[in-house]
Amino acid sequence: MVASSSSLNAAVVDWYALHARALPWRRDSTTAWHVLVSEVMLQQTPVERVTPVYEEWTSRWPTPSALAAEPSGEAVRAWGRLGYPRRALRLHAAATAIRDRHDGVVPEDVDELRALPGVGEYTAAAVAVFAYGHRHAVLDTNVRRVLARVFDGTALPAPGLTAAERAQALGVLPDDRSTAARWSIGVMELGALVCTARSPRCGVCPVREWCRWYDAGRPAYDGPLRRTQTYAGTDRQCRGRLLAVLREVEGPVGGEVLRAVWEDATQRERALDGLLDDRLVALVGDDLYALPD
DNA sequence: CATGCGTGGCT
DNA sequence: TAGCCAAGCAT
């Protein structure tokens, strides 16, 4: 396997050079701040839905300082329907930290990146690699799936990221920084376009000849079950409904407007309390609510 | 390590 | 059609 790594790497790098999508965050003019914005937006949200919001955000807030100068509620409003709006709040907090602690420049160091709100292991590595060209293993769900199939012969990786996976990813990472960066983005793109979760296109896969999963006849996933997330009727849906009201109006809204969008009073109040706790919503008067400052 | 956290499209 | 899935993070 080690002996074939370089051809595997080359196959992916070459494939990416031919098939990479022209995504907005892959332009020559893209800054590290833009990369950070795109990565946070892409956490659990599909590319097609991120694209228009990314364009609006980067045009309106071209630098961390520009975003930090605005109320956090504006970030939440501009987040639109991307989902998980705490990400907008954290991006605003990250922008503030970058302005205050890093002279307005997105840090290159993964540990400094990880210290930013909303930036975890994946996002820190992604910014270090895609924005700055550093050499790090980038392990998102796409990469994990490709590696699981090629090296372990399993349809999907286990639910949690393991130390063994990190070691495996480092083991196949090319030594040369520039090549490593192209491999990292390439294997991720391969997972997004070819080695997909539902219907992998093995017929056009550039690494099929090295794939244990393909060799084994593409056996179904038989590992521990992932818990399926219900949504209808949950607190999450209720929170989403309440926040949508506040996003769509200019100023504060009275509690009666919020009461109108969710029947169950107990759940509605629990959800609103949660939003207040999370600082996604602010209480600005007697029974009066608004997006935060 | 398990859980909560939005939203919408696809099979 | 009801899950399943989508460039995770924080606690």
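Not measured: the values here are computed from a predicted model.

Just checking my understanding: could you explain the overall build of chain A for this structure?
The helix and strand inventory of chain A stands at 15 helices and 3 strands. For chain A, the spread of C-alpha atoms along the principal axes amounts to about 70 × 45 × 30 Å. Taken over 293 residues, chain A has a buried fraction of 44%. Entry remark: accessible area of chain A is about 15,000 Å², with carbon and sulfur atoms responsible for 51%. Positive and negative charge centroids in chain A, built from 35 and 37 side chains respectively, lie 6 Å apart.

Explain the pattern of salt bridges to me, please; I cannot follow it from the model alone.
Two side chains that carry opposite charge are able to pair once their charged atoms sit near each other. For the coordinates displayed, the defined rule picks out 14 salt bridges. Residue Glu74 pairs with Arg77 through a salt bridge whose shortest N-O separation is 3.3 Å. With Glu74 and Arg77 both in helix H5 (residues 72-79) and 3 residues apart, this pair spans about one turn of that helix. Here Arg77 falls in the partly exposed class, since its relative accessible area comes to 25%. For the salt bridge of Asp175 with Arg135, the shortest nitrogen-to-oxygen distance reads 3.9 Å. Here Asp175, found in the loop between helix H10 (163-172) and helix H11 (177-193), pairs with Arg135, found in the loop between helix H8 (121-131) and helix H9 (141-152); they are 40 residues apart in sequence, far enough to count as distant. Given a relative accessible area of 68%, Asp175 falls into the exposed group.

How do you make sense of unusual backbone geometry when you look at a structure like this?
Generally, phi is negative for residues other than glycine and the peptide bonds are trans, each holding for most cases. A positive phi angle, near 70 degrees, is found at Gln44, a position not held by glycine. As for its placement among the helices and strands, Gln44 is situated in the loop between helix H2 (32-41) and helix H3 (47-60). Accessibility expressed as a relative area gives 67% for Gln44, which makes it exposed. The backbone phi angle of Asp287 is positive, close to 55 degrees, even though this residue is not glycine. Note on placement: Asp287 falls in the loop between strand S2 (282-285) and strand S3 (288-290).

Explanation requested: the state of the cysteines in the structure shown.
Note on terminology: a disulfide is the covalent bond linking the sulfur atoms of two cysteines. Here the structure, examined in full by the defined rule, presents 0 disulfides. The thiol of Cys202 is not disulfide-bonded; the next cysteine sulfur, from Cys205, is found 6.4 Å away.

Sorry, what's going on with the packing of helix H13 (residues 235-248) against helix H15 (residues 265-277) here?
The axes of two packed helices give the description: the angle between them and the distance between them. It is the contact of H13 with H15, at a shortest axis distance of 9 Å, that shows an interaxial angle of 70 degrees. Considered as vectors, H13 and H15 are oriented roughly perpendicular to each other. In the crossing of H13 with H15, the sense of the turn from one axis to the other is right-handed. On H15, the residues that touch Asp235, Cys238, Arg239, Leu242 and Leu243 of H13 are Gln267, Arg268, Arg270, Ala271, Leu272, Gly274 and Leu275.

How do you make sense of the protein's contact with DNA strand C when you look at a structure like this?
Taken together, 29 residues form the shell around DNA strand C, and within it Gly118, Thr123, Asp140, Asn142 and Arg198 come nearest. Interatomic distance of 3.3 Å between a side-chain N/O atom of Glu39 and a base nitrogen of DNA strand C. Within the side chain of Asp140, a nitrogen or oxygen atom sits 2.7 Å from a sugar or linking oxygen of DNA strand C. The set of elements that each furnish at least two residues to the surface near DNA strand C consists of H3, H8 and H9. For the surface near DNA strand C, a count of residues per class yields 11 nonpolar, 9 polar and 9 charged.

Could you clarify how one ought to interpret the pairing of S2 in this entry?
Residues in a regular strand project their side chains so that they alternate between the two faces of the sheet. With 3 bridges connecting them, S2 and S3 associate as antiparallel partners. Among the inter-strand pairings, Ala282 is bridged to a residue of S3, identified as Ala290. Between the antiparallel neighbours S2 and S3 lie 2 residues, among them Asp287 with a positive phi of about 55 degrees.

What exactly am I supposed to notice about the environment of Pro159 here?
With respect to the helices, strands and loops of the structure, Pro159 is situated in the loop between H9 and H10. Exposure remark for Pro159: the relative accessible area of 46% places this residue in the partly exposed category. A C-alpha to C-alpha distance of 8.8 Å links Pro159 and Gly223, two positions 64 residues apart in sequence.

Rules behind the numbers
Residues numbered from 1 in each chain as written. Chains lettered and ligands numbered in written order. Predicted model: local features only at pLDDT ≥ 70, side-chain atom pairs only at ≥ 80, totals over all residues. Heavy atoms only, no water. Helix = DSSP H or I, 4+ residues; strand = E, 2+ residues; numbered from the N terminus. Buried < 20%, exposed > 50% of the residue type's maximum accessible area, 1.4 Å probe, protein only. Areas by Shrake-Rupley, 256 points an atom, 1.4 Å probe, with all protein chains shown as cover. Lys, Arg positive; Asp, Glu negative; His and termini not counted. Charge placed at Lys NZ, Arg CZ, Asp CG, Glu CD. Salt bridge = Lys/Arg side-chain N within 4 Å of Asp/Glu carboxyl O. Disulfide = S-S within 2.5 Å. Axes fitted to C-alpha atoms, helices over the stretch in contact; angles between N-to-C directions. Parallel < 35°, antiparallel > 145°, perpendicular 65-115°, else oblique. Left-handed = near helix turned anticlockwise from the far one by under 90°. Contact = heavy atoms within 4.5 Å. Near = heavy atom within 4 Å. Polar contact = N/O pair within 3.5 Å; in protein donor to acceptor, adjacent residues only side chain to side chain. Nonpolar A, V, L, I, M, F, W, Y, C, P; charged D, E, K, R; others polar. Pairing = 2+ DSSP bridges.

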